[in-house]
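# Structural features, examined
Listed here are the chains, written in short residue letters.
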Amino acid sequence: MNSKLPHLETTIFTAMSKLANENQAINLAQGFPDFDPHSSLIESLNYYSYQNYNQYAPMIGVEKLRNFIVAKVEKLHQTVYHPENEVTITNGASQAIFTAIAAVIEKGDEVIIFEPAYDLYKPAVEMFGGIVKPIRLTYPNYTIDYTKLKELITDKTKLVIFNNPNNPSGKIFTKDDLIQIETILKDKNCYIISDEVYEHMTFDQKEHQSFARIPSLKDRIFITASFGKLCHVTGWKVGYVLAGAELMKEFRKVHQFNVFSVHTPSQYAIANYLDDEHNYQELNDFFQQKRDYFVNGLSTTRFEIIPSEGTYFVSANYKNYSDLNDRAFAEELTIKNKVATIPFSAFYHDKFDENVIRFCFAKQEETLDAALERLNKL
Ligand code: PMP
Ligand code: GLN
C-alpha cells in the first residue's frame, strides 16, 4: 500500500501510556487528570441522557453551549463572535484543528509551526499535501525569533499554527508576541490557527492573551479550545472552534461530512456546569497549587527545572543523571524507576534532543508524592 504518511509512528502519548501500564509505572506522561470531574457534571450528564437528549445534536452544536462560549469570549477578551455563524462545537480541539487544516490547506501550501509543537499539527498538514516549515523556539525560555519567522514567510505561506499557553514547554506568549505576529502577517494572504486549549491554566497572575484580542485578524483566524481540559473530562472529547463567518462556512463544509455533530448529552451537561463561572475561573489557582507542589518536590532532585508559566506540564533537563537520548531516558525511567514522562524530541520534526522530559502534574497529591519519592531516589 502507498501510505499517505509513511514515516508516521504511533503517538508518543499512546506509546508512553502503554509502557507505563506494562510496567505499573506512575503515568506523568500523557496529559490527563487522575482525579474525578465535579460530581454535578456527571449528574448532569446522567440527567440529560435520562431526559432523552440522545439524538443528533445540531451540526454546529447545542445552542446553549454556543451561547455560553460567545458570552465568555466577550467577557474575557472583548470580542463578539456570532453564536450561529462563528462558533462550532467539535469532537475535542484535535478535530477542530484537523478540520481547520483540511478546510484551508491545498497541495504545496506552506505551514509554519513553532517547535516544540504538539504532535498533531505536522501530520495533519501533510495529509492534505501541505509542507511544514518549522521554526525552533529558543531554549530555555522558548521565545520566538521574529527575524527567523519573517525569513520563513513566503508567498506560499498559507497558515501559521500557534499554541498558547504552549504544550509542552509551559510557555505563555504575551500580548506583545501577538502584536508582533499580527504585524508580520498584516499584508500576507495567510490564515492562523491559535490552539488555546490551556487558556484557563495560567500561573503567577499571568493573563492568557487570546488571539480573540486582536480583532483585525478575526476573519482569518481559527481559535480552538477544549472542554476536556476545562472540565477535567479529556475522555469526553468535546471542544470548539471560533472563526469569522466566511472562514467558518468553509470549516463547516468539512465538519458536516466528517463528524456532522458531537455527543448531545455532554454538550448540555458542560453548558449547565459552566453556567457557574467559578467552575472555570478557579482553574488557574487549582493548577498553580499543583504546579508549586510538584516543582517544590522536584527541587531536591538534580533535574534542572524549566519554569512552567501555564498548561498542566512542567519540564526538566535530565543531563545531571544520564547521557542517554531523551526517548531512551524516558523509557528507562518508566521501566526501572516506574515514573513515565514524555521526551521532548517527540515535538520536533527532526527529533531534536535537548535532554528534556515533560511531567504532567494534573494529578492527586498522593500520585505526585509517590512519583516524587521515586524521582528523589534517582
Ligand atoms: N492541542 C494541544 C496543545 C493539546 O495539548 C491537546 C491535548 N491535550 C489538544 C490540542 C487536543 O485537545 P482535545 O483532547 O480536546 O482533542
Ligand atoms: N494532549 C495530551 C498531552 O499533551 C495528549 C492527548 C493524546 O494522547 N492524544 O499529553
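Residues numbered from 1 in each chain as written. Chains lettered and ligands numbered in written order. Predicted model: local features only at pLDDT ≥ 70, side-chain atom pairs only at ≥ 80, totals over all residues. Heavy atoms only, no water.

- Going by an unreviewed UniProt entry, the chain carries the name Aminotransferase class I/II-fold pyridoxal phosphate-dependent enzyme and comes from Faecalibacter macacae.
- As stated in UniProt under Sequence similarities (unreviewed entry), the record for the chain gives "Belongs to the class-I pyridoxal-phosphate-dependent aminotransferase family."
- The Cofactor (unreviewed entry) field of the UniProt record for the chain holds the comment "pyridoxal 5'-phosphate". (UniProt positions renumbered as here; feature names shortened; annotations may be inferred.)

## Overview of the site of ligand 2
- Every residue near ligand 2 is listed here: Phe13, Gln30, Gly31, Tyr118, Asn167, Lys229, Phe313 and Arg358.
- Interatomic distance of 2.7 Å between a side-chain N/O atom of Gln30 and an oxygen atom of ligand 2.
- A distance of 2.9 Å is found between an oxygen atom of ligand 2 and a side-chain nitrogen or oxygen belonging to Asn167.
- Here ligand 2, which alone exposes 300 Å², has 78% of that area covered by the protein.
- Its residues placed into classes, the shell around ligand 2 shows three nonpolar, three polar and two charged. (Near = heavy atom within 4 Å. Polar contact = N/O pair within 3.5 Å; in protein donor to acceptor, adjacent residues only side chain to side chain. Areas by Shrake-Rupley, 256 points an atom, 1.4 Å probe, with all protein chains shown as cover. Nonpolar A, V, L, I, M, F, W, Y, C, P; charged D, E, K, R; others polar.)

## Looking at the sheet that holds strand 2 (residues 87-90)
- Strand order in the open sheet formed by seven strands is 2-8-7-6-5-3-4, with mixed pairing between adjacent strands. Taken across any chain shown, the strands that pair with only one partner, and hence form the sheet edges, are strand 2 and strand 4 (131-136). Direction aside, neighbouring strands of the sheet carry axes that sit 20 degrees apart on average.
- With four bridges joining them, strand 6 (residues 191-195) and strand 7 (residues 221-226) adopt parallel strand pairing. (Pairing = 2+ DSSP bridges. Helix = DSSP H or I, 4+ residues; strand = E, 2+ residues; numbered from the N terminus. Axes fitted to C-alpha atoms, helices over the stretch in contact; angles between N-to-C directions.)

## Considering the layout of surface pockets
- Estimates place the volume of the second largest pocket at around 300 Å³.
- Forming the boundary of the second largest pocket are 17 residues, of which Thr202, Lys206, Glu207, His208 and Asn284 lie nearest the centre.
- Counting residues per element, the ones that place at least two in the lining of the second largest pocket are helix 3 (63-77), helix 11 (278-281) and helix 12 (283-298).
- With three residues, the top contributor of residues to the lining of the second largest pocket is helix 12.
- For the lining of the second largest pocket, a count of residues per class yields three nonpolar, eight polar and six charged. (1 Å grid on protein atoms, 1.4 Å probe; cavity = no way out; pocket = protein on both sides within 12 Å on 5 of 7 lines; lining within 4 Å. Points joined across faces, edges and corners; volume = space filled by probe spheres on them.)

## Quick look at the sheet that holds strand 10 (residues 313-317)
- In space, the four strands of this open sheet follow the order 9-10-13-12, with antiparallel pairing throughout. This sheet does not close on itself; its edge strands, each paired only once, are strand 9 (304-306) and strand 12 (342-343).
- Note: strand 12 against strand 13 (residues 356-360), two bridges, orientation antiparallel. Looking at the pairing, Pro343 lines up with Ile357 of strand 13.
- Across the face of the sheet, helix 13 (residues 326-337) comes into contact with strand 12 and strand 13 while running at roughly 45 degrees to strand 13. (Contact = heavy atoms within 4.5 Å.)

## Topic: the pattern of salt bridges
- Enumeration according to the criterion identifies 20 salt bridges in this entry.
- Lys72 is the partner of Glu199 in a salt bridge, and the nearest nitrogen-oxygen pair spans 3.5 Å. Of this pair, Glu199 sits in the loop between strand 6 and strand 7 while Lys72 is found in helix 3, placing the two residues 127 residues apart along the sequence. Comparing Glu199 with Lys72 shows no difference in burial state: the two are buried.
- Of the charged contacts, one joins Glu126 and Lys122 as a salt bridge, the two residues approaching to 3.0 Å between their closest N and O atoms. Here Glu126 and its partner Lys122 are both found in helix 5 (residues 121-127), four residues apart, which amounts to about one turn of the helix.
- Among the residues examined, Glu126 registers a relative accessible area of 32% and is labelled partly exposed.
- Where salt bridges share partners, they join Glu106, Asp109 and Lys158 into one cluster. (Salt bridge = Lys/Arg side-chain N within 4 Å of Asp/Glu carboxyl O. Buried < 20%, exposed > 50% of the residue type's maximum accessible area, 1.4 Å probe, protein only.)

## Some details on the packing of aromatic side chains
- According to the stated counting rule, one finds 31 aromatic pairs in the structure shown.
- Ring geometry for Phe68 and Tyr280: centres 6.0 Å apart, planes at 75 degrees, overall edge-to-face. Of this pair, Phe68 sits in helix 3 while Tyr280 is found in helix 11, placing the two residues 212 residues apart along the sequence.
- By relative accessible area, which is 12% here, Phe68 ends up buried.
- Judged by relative accessible area, Tyr280 falls into the buried class, the value being 3%.
- With centroids separated by 4.8 Å and ring planes inclined at 55 degrees, the aromatic side chains of Phe303 and Tyr321 adopt a geometry described as tilted. (Phe/Tyr/Trp six-rings, centres within 6.5 Å; stacked < 30°, edge-to-face > 60°.)

## Notes on the environment of Lys186
- Here Lys186 shows up in the loop between helix 7 (175-185) and strand 6.
- When the C-alpha positions of Lys186 and Val262 are compared, they lie 35 Å apart, and in sequence the two are 76 residues distant.

## Comments concerning the packing of helix 12 against helix 14 (residues 365-375)
- Closest axis-to-axis distance for the helix 12/helix 14 pair is 9 Å, and the angle between their directions is 20 degrees. Taken as axis vectors, helix 12 and helix 14 run roughly parallel relative to one another. Here the hand of the crossing between helix 12 and helix 14 comes out right-handed. Counting all contacts with helix 12, which are made through Lys290, Tyr293, Phe294, Gly297 and Leu298, the residues of helix 14 involved are Glu365, Leu368, Asp369, Leu372 and Leu375.
- Taken together, the residues that form the contact of helix 12 with helix 14 break down as six nonpolar, one polar and three charged. (Parallel < 35°, antiparallel > 145°, perpendicular 65-115°, else oblique. Left-handed = near helix turned anticlockwise from the far one by under 90°.)

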